[in-house]
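Now for the letters of each chain:
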Amino acid sequence: MTAALRRYGWSYVFVLPTFALFVVFTLLPVVQGLALSLQNARVTGGEFIGIANFVTLAEDPVFRQALGNTILYTTVVVAAQVTLALVVASLIQPLGARSRVFYRALFYLPLVNSAILVAIVWRWIFNANPFGLANTALGTIGLGPFLWIGSSDQALIAVILSAVLTIPGGGVVLYSAAIGSLPRELYEAAEVEGAGPFAKWWHITVPLLKPTTLYLLVVYTILAFQVFERVYIMTNGGGPNNATITIVQLIYSTAFQFGRYGLASAMAVVLFVMAIAVAVVQFRALRSDVEY
Amino acid sequence: MSSISRRLPVHVVLLLAGVVSLFPLYWLFLTSVSPTQYVVRVPPEVVPRELTVANYQRLFETTPIVRWLVNTVVIAGVITAFHLLFDSMAGYAFAKRRFPGKDAMFWLIVSTLTVPAQVTLIPVFFILRTLGLLDTYPGVILPGLADVFGIFLMKQYIQTLPTDLLHAARVDGASEWQVYRRIILPLSRPALAVLAIFTFQRYWNAFIFPLVILRDPAKYPVQVGLATLQGEFNTDYGMLMTGAAVAALPMIAVFFAFQRQFIEGIRIGGVKG
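What you see is a predicted model; the values in this text were computed from it and never measured. (Residues numbered from 1 in each chain as written. Chains lettered and ligands numbered in written order. Predicted model: local features only at pLDDT ≥ 70, side-chain atom pairs only at ≥ 80, totals over all residues.)

(A) Structural detail: the overall build of chain A. Scanning chain A from N- to C-terminus turns up 14 helices and 0 strands. Secondary structure elements in chain A, listed N-terminal to C-terminal, are α-α-α-α-α-α-α-α-α-α-α-α-α-α. Here chain A has a C-alpha radius of gyration of 24 Å; the compact-globule value for 292 residues is 19 Å, and the former is much larger. When the backbone C-alpha atoms are referred to their principal axes, chain A occupies close to 75 × 70 × 30 Å. Residue burial in chain A is summarised as follows: out of 292 residues, 45% are buried. Of the contacts formed within chain A by residues at least 6 apart in sequence, a portion of 70% connects residues at least 24 apart. (Helix = DSSP H or I, 4+ residues; strand = E, 2+ residues; numbered from the N terminus. Rg over C-alpha atoms; globule rule 2.2 N^0.38 Å. Buried ≥ 20, exposed ≤ 12 C-beta atoms within 10 Å, placed from the backbone. Contact = placed C-beta atoms within 7 Å.)

Here it is, written out as structure tokens:
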């Protein structure tokens, strides 16, 4: 025993602080979160009720609205983010090293700020008043004024626009690094065959970037699934007629405003399953990938 | 055609994209230094005509923003310090040492990676309630020490360090702690810098956990404080934007000081949101 302790003791000393915290504040909570989703948990405790919470969710129009909004937001925002990151990184790459450094920093700077702060500004930009900036800008080309966050039809559009109108700097950096490490020979071969810049980009660069594209799709999708601060700030936590309610917003209000912890945990499990599904799809797609 | 004129359209497109992307930030700072009568002007003015610090005076006099900033520095700072210590220790053990249970422990950590934070939010709230830590600083800090990104980052980096160096130190009579302290830690500085910046940024910007755990506005970190200002000064945009500007400045300063580490961090650790 003492021999084993002497041999391995230090290893456990090194691992234990992190691992103990991980067990108490991540591992056990995950297990308890799954358990809570099967309980009628309220402020004063609860009992096992099987999948009743999930049945409630399936029939609840507000949850369906939250699920639909989350999926719509995710689809539009992720498609825009990955496309923008790819195009911007491709435009940056042929420039000189100093320009590349400048643009990477330029596009990453807006992202160091918190979602709360950004949402406060966007809330004002999409203000329904005439001094709202979005209305002024669109007014100059004869459109509007729109109610934006004051309208149940336009509130979600405003939230989505606020996300789309920021260049995804992290994606730009990753794509940029990936493009830099692509094999030059392929391009030289294509040039010999007389391929133009766009043909080279579309037929060589884009397919070779598939691993980065898949990684970004998954990361941005899982992040978008968790959209909360924008909705909480821009539309007072859900907008008119729950127009902008999302899953995380609903988890927050269900648990911490209405004390229905079991039901909220079931929503979190739905979110968890969605994240796993996306990760599995990525894993499959990567496995079928051809090595280059 | 010279390369400059060939590249000019590309620069124009990229700069335009940059302007759109940075515009909210510009608008934020512009509004914070504009007199109230210009803030609600129709049409809004994108170039300032008159500058003032009145909004800042009002903000510092009527809100606990300084207290919130101090809270945030303390919370994010303590979490970052502990992550640097604990993650480098664990990263070293997982990268370079052999011990029973190592693979099982690492597998358990990996298996929780895709779990969204909202799954653990409610159980962590219950655990903190049981421990009597709701509405306390330790209640905000402890769960922040449990995320596993740093363990990966440090393990990946320490794996690349030469193992011979550790053997040589042991032959020279260094204790296990000295091997970690004198060799692993100094050689891991690039990875530690990335970890420090990512962790600090993450907890500087954290919102939903402190929102749920803290009740006393005097204990709020700045993001939660800003959200309450949003409720209080719903139409006082000058005040709101100034609060947001004050919260933005420290992170922007950190970015300019450690740009290289930020970009390096994305390459090593991926996009963390």
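(B) Spotlight on the overall build of chain B. Broken down by element type, chain B carries 15 helices and 0 strands. Compactness check: chain B gives a C-alpha radius of gyration of 23 Å against a globular reference of 19 Å for 273 residues, more than 25% above the reference. With the C-alpha coordinates of chain B rotated into their principal frame, the extents come out at 75 × 70 × 35 Å. Classification of the 273 residues of chain B by burial places 42% in the buried group. For chain B, the share of sequence-separated contacts (at least 6 apart) that also reach a separation of at least 24 residues comes to 75%.

(C) Region of the structure containing the packing of helix α8 (residues 149–159) of chain B against helix α11 (residues 189–204) of chain B. Residues and elements named next belong to chain B. Remark: α8 packs on α11, axes separated minimally by 10 Å, with the N-to-C direction vectors making an angle of 165°. Relative to α11, α8 is oriented roughly antiparallel. Viewed along their axes, α8 and α11 form a crossing whose handedness is right-handed. Side by side, α8 and α11 meet where Gly 150, Leu 153, Met 154 and Tyr 157 of the first sit next to Ala 191, Val 194, Leu 195 and Thr 199 of the second. The residue makeup of the contact of α8 with α11, split by class, is 6 nonpolar, 2 polar and no charged. (Axes fitted to C-alpha atoms, helices over the stretch in contact; angles between N-to-C directions. Parallel < 35°, antiparallel > 145°, perpendicular 65-115°, else oblique. Left-handed = near helix turned anticlockwise from the far one by under 90°. Nonpolar A, V, L, I, M, F, W, Y, C, P; charged D, E, K, R; others polar.)

(D) Here's a closer look at the interface of chain A and chain B. With 77 residues of chain A in contact, the opposing surface of chain B contributes 74 residues. Of all the elements, helix α1 (residues 2–36) of chain A adds the most residues to the side of chain A that touches chain B, at 19 residues. Across the side of chain A that touches chain B, the residue classes break down as 62 nonpolar, 13 polar and 2 charged.

(E) The arrangement of the environment of Pro61(A) in detail. Within the fold, Pro61(A) resides in helix α3 (residues 61–92). In sequence terms Pro61(A) and Tyr108(A) are 47 residues apart; their C-alpha atoms lie 38 Å from each other.

(F) Broad picture of unusual backbone geometry. All names here are of chain A. A positive phi angle is found at Trp 148, which is not glycine, with a value near 45°. Among the structural elements, Trp 148 can be located in the loop between α6 (133–139) and α7 (155–164). A positive phi angle, close to 55°, is found at Asn 242, a residue other than glycine. Relative to the helices and strands, Asn 242 resides in the loop between α12 (229–234) and α13 (247–256). C-beta crowding within 10 Å serves as the criterion here: with 19 such atoms nearby, Asn 242 is assigned to the partly exposed category.

(G) Up close: the environment of Val76(A). All names here are of chain A. Residue position: Val 76 is located in helix α3. On the basis of neighbour counts, which here come to 17 C-beta atoms within 10 Å, the residue Val 76 falls in the partly exposed class. Through-space distance from the C-alpha of Val 76 to that of Phe 102 is 28 Å; in sequence the pair is 26 residues apart. With residues near it in sequence (within four places) discarded, Val 76 still touches Ile 160 and Val 164.

(H) Representation of the nonpolar core. If you look at the biggest cluster of nonpolar residues, it comprises 158 residues, and the most contacted ones within it are Val88(A), Met267(A) and Ala244(B). Among the elements that make up this core, the one with the highest residue count is α3(A) (13 residues). With near-sequence residues (within four places) excluded, Ala244(B) lies in contact with Leu117(A), Ile120(A), Val121(A), Leu28(B) and Leu226(B). (Core = buried A, V, L, I, M, F, W, Y, C linked by C-beta atoms within 7 Å.)

(I) Molecular detail of α1(A). Residues and elements named next belong to chain A. For α1, which comprises 35 residues, the first-to-last C-alpha distance of 42 Å sits more than 12% below the rise-based estimate of 51 Å (1.5 Å per residue). In the structure, α1 departs most strongly from a straight axis at Tyr 8, where the bend amounts to approximately 50°. Along α1, the residues classified as buried are Ser 11, Phe 14, Val 15, Thr 18, Phe 19, Leu 21, Phe 22, Phe 25, Thr 26, Pro 29, Gly 33 and Leu 36. (Expected span 1.5 Å × (residues − 1). Bend = angle between axes of the 7 residues up to and from the residue.)

(J) Summary view of the packing of α3(A) against α7(A). Residue and element names in this part refer to chain A. The N-to-C vectors of α3 and α7 enclose an angle of 30°; their axes lie 9 Å apart at closest approach. When the interaxial angle is binned, α3 and α7 end up roughly parallel. As α3 packs across α7, the resulting crossing turns out to be right-handed. In this structure, α3 uses Asn 69, Tyr 73, Val 76, Val 77 and Ala 80 to contact α7, whose residues at the interface are Leu 156, Val 159, Ile 160, Ala 163 and Val 164. Of the residues belonging to the contact of α3 with α7, the class tally is 9 nonpolar, 1 polar and no charged.

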